[in-house]
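Each chain, written out:
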Amino acid sequence: MKNDKIDSLLLHSVRALSSGGKVDCIARARDYKRLQNILHNKNIEIVRSYNFIGSFWIKVTRSELSSLSSSASVEYIYSLSKACTLMHVAKNVLNVQNTNLTGDGINIAFIDTGIYSHLDFLLGKKRVKYFKDFIHDRKNPYDDNGHGTFVAGVCAGGGNMSGGRQAGIAPKSSIISLKALNSGGEASADKILNAMEWVYDNHKQQDIKVVCMSFGSEPLGFNDPIMSGAEALWAEGVVVIAAAGNSGPEYQTIKSPGVSSKIITVGGFDDNRFDDDSFKEDFFEVANFSSRGPAFARYKPDLVAPSVDIISCGIKKPYIPLSGTSVATPMIAGMAALMLEKDKSLSPDEIKRRLIRSCHPITFNRNLEGYGWPVWNE
């Protein structure tokens, strides 16, 4: 059995199979038609075909899996992941589930697609303190994409519509929503820079301690303007958390502003949790999509956080699943808020140092994961 073609969670499931038992998995093809013929000839059950990604949902025995993994027509075989209520699992992974800190009194700016009037932000103390629209100049909060609402929920959602189960990392922190990305989740550099400049000019008046940037653009060298904007905020005492990007597994794919050596850049990992929401650190792996360093000959990202099948606030449904480093980024923003709630005198550099010191490595490859995933320590 070619283990380099089979993900670790699937291998674990196969080892537990009874004789003749079958496991669900996704086989990704190098040659779609050829693999389809192989599956038919071997009488392997195809539950569903996904032509748009060149893959098949199949049910296989241990021997069938071994045979397929040796086929040149197969690129990789994945376990059939399940989207489940994960924020409570992410809190366990990061060890923030039992802290009494909630981010209360800490204002976090989100440069994103806006924010929807979700009950997780409105019930109890209204925590959307300020909204500014750099796209259409509307006055009332809105989100015509959903990404900004999701990201804010991961960091600062109160979990009101889930009995607290989907509460964010810092569920009592306050939200400054800056809409700089359009309905397609895209933005020109000038919109991003306008939002950054607003934070620069207003962070003292609005008492903004953290800014979460769950977006990325292709870096334009050492004088990249978006990177420079993020570093200017850092120099002003604002903790800047940015996504590494979703361009893995290739190396040298970190996006701007995450290429900056100063700010905190977040990659993503898969906790490969089991059906009962339990997990084992031995099964943690850097997400295939997470962008890799180096960035300007420096190690990046700085650290990683859970990023696969995360559940958070939606605009059409109370909660939806999403994966990506933009999902991991607000978790670290939330951890920074907890640290600042405990000690508001902490500088951005000290928060970065403490997060890095708390990290547990997964691969020991710093261009994949930085120093690993941070574990909260009171």
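Nothing here was measured: the structure is a model prediction, and the numbers come from that model.

Caption draft 1: Examining the overall build of the protein chain more closely. Each helix and strand in the protein chain was counted, giving 11 helices and 16 strands. Expected size for 378 residues packed as a compact globule is a radius of gyration near 21 Å; at 21 Å, the protein chain falls within 12% of this value. Counting only C-alpha atoms, the protein chain reaches 70 × 45 × 40 Å along its principal axes. Looking at the 378 residues of the protein chain, the share that counts as buried comes to 56%. Of the roughly 16200 Å² that the protein chain leaves accessible, carbon and sulfur atoms contribute 47%. Here the protein chain contributes 43 positively and 40 negatively charged side chains, and the mean placements of these two sets differ by 2 Å.

Caption draft 2: Summary view of the pairing of strand 14 (residues 319-322). Sheet topology note: the strand 13 (residues 310-313)/strand 14 ladder contains 4 bridges and is antiparallel. Each bridged residue has a counterpart across the sheet, and for Ile-311 the counterpart in strand 14 is Pro-321. Hairpin connection between strand 13 and strand 14: a loop of 5 residues separates the two successive antiparallel strands.

Caption draft 3: Representation of the nonpolar core in the model. With 80 residues, the main nonpolar core has Ile-111 and Ile-264 as its most contacted residues. Here this core gets 11 residues from one element, more than from any other, and that element is helix 9 (residues 325-342). If near-sequence neighbours (up to four positions away) are discounted, Ile-111 is found in contact with Leu-178, Ala-180, Leu-181, Ile-192, Ala-195, Met-196, Val-211, Cys-212, Met-213 and Phe-215. Leu-11, Val-14, Cys-25 and Ile-44 belong to the second largest nonpolar core, which has 21 residues in total.

Caption draft 4: Just the packing of helix 6 (residues 147-156) against helix 9, in detail. Put simply, helix 6 and helix 9 touch, their axes get as near as 7 Å, and they point 40° apart. Here helix 6 is positioned oblique relative to helix 9, judged by the angle of their axes. As for the relative orientation of helix 6 and helix 9, their crossing is right-handed in sense. Contacts between helix 6 and helix 9 involve His-147, Phe-150, Val-151, Val-154 and Cys-155 from the first element and Ser-326, Val-327, Pro-330, Met-331, Ala-333 and Gly-334 from the second.

Caption draft 5: Highlighting the packing of aromatic side chains. If you walk through the whole model with that rule in mind, you get 7 aromatic pairs. Ring centres of Phe-284 and Trp-373 lie 5.0 Å apart, and the angle between their planes is 75°; this geometry places the pair in the edge-to-face category. Here Trp-373 lies in strand 16 (residues 373-374) and Phe-284 lies in the loop between strand 10 (264-270) and strand 11 (285-286), a separation of 89 residues in the sequence. Site record: aromatic cluster; members linked through ring pairs are Phe-269, Phe-284 and Trp-373. In this structure, Lys-132 packs its charged tip against the face of Phe-134, placed 5.5 Å from the ring centre. Its guanidinium or amino end placed over the ring of Tyr-142, Arg-138 lies 4.4 Å from that ring's centre, counting from NZ or CZ.

Caption draft 6: Region of interest: the sheet that holds strand 3 (residues 55-60). The antiparallel open sheet is built from 4 strands, whose spatial order is 2-3-1-4. A strand with exactly one partner marks an edge of an open sheet, and here the two such strands are strand 2 (45-50) and strand 4 (74-79). Strand-to-strand twist across the sheet, computed as the mean angle between neighbouring axes with direction ignored, equals 25°. Summarising the sheet, strand 2 and strand 3 pair through 5 bridges and their orientation is antiparallel.

Definitions and limits used
- Residues numbered from 1 in each chain as written.
- Predicted model: local features only at pLDDT ≥ 70, side-chain atom pairs only at ≥ 80, totals over all residues.
- Heavy atoms only, no water.
- Helix = DSSP H or I, 4+ residues; strand = E, 2+ residues; numbered from the N terminus.
- Rg over C-alpha atoms; globule rule 2.2 N^0.38 Å.
- Buried < 20%, exposed > 50% of the residue type's maximum accessible area, 1.4 Å probe, protein only.
- Areas by Shrake-Rupley, 256 points an atom, 1.4 Å probe, with all protein chains shown as cover.
- Lys, Arg positive; Asp, Glu negative; His and termini not counted.
- Charge placed at Lys NZ, Arg CZ, Asp CG, Glu CD.
- Pairing = 2+ DSSP bridges.
- Core = buried A, V, L, I, M, F, W, Y, C linked by side-chain atoms within 4.5 Å.
- Contact = heavy atoms within 4.5 Å.
- Axes fitted to C-alpha atoms, helices over the stretch in contact; angles between N-to-C directions.
- Parallel < 35°, antiparallel > 145°, perpendicular 65-115°, else oblique.
- Left-handed = near helix turned anticlockwise from the far one by under 90°.
- Phe/Tyr/Trp six-rings, centres within 6.5 Å; stacked < 30°, edge-to-face > 60°.
- Lys NZ or Arg CZ within 6 Å of the ring centre and 35° of its normal.

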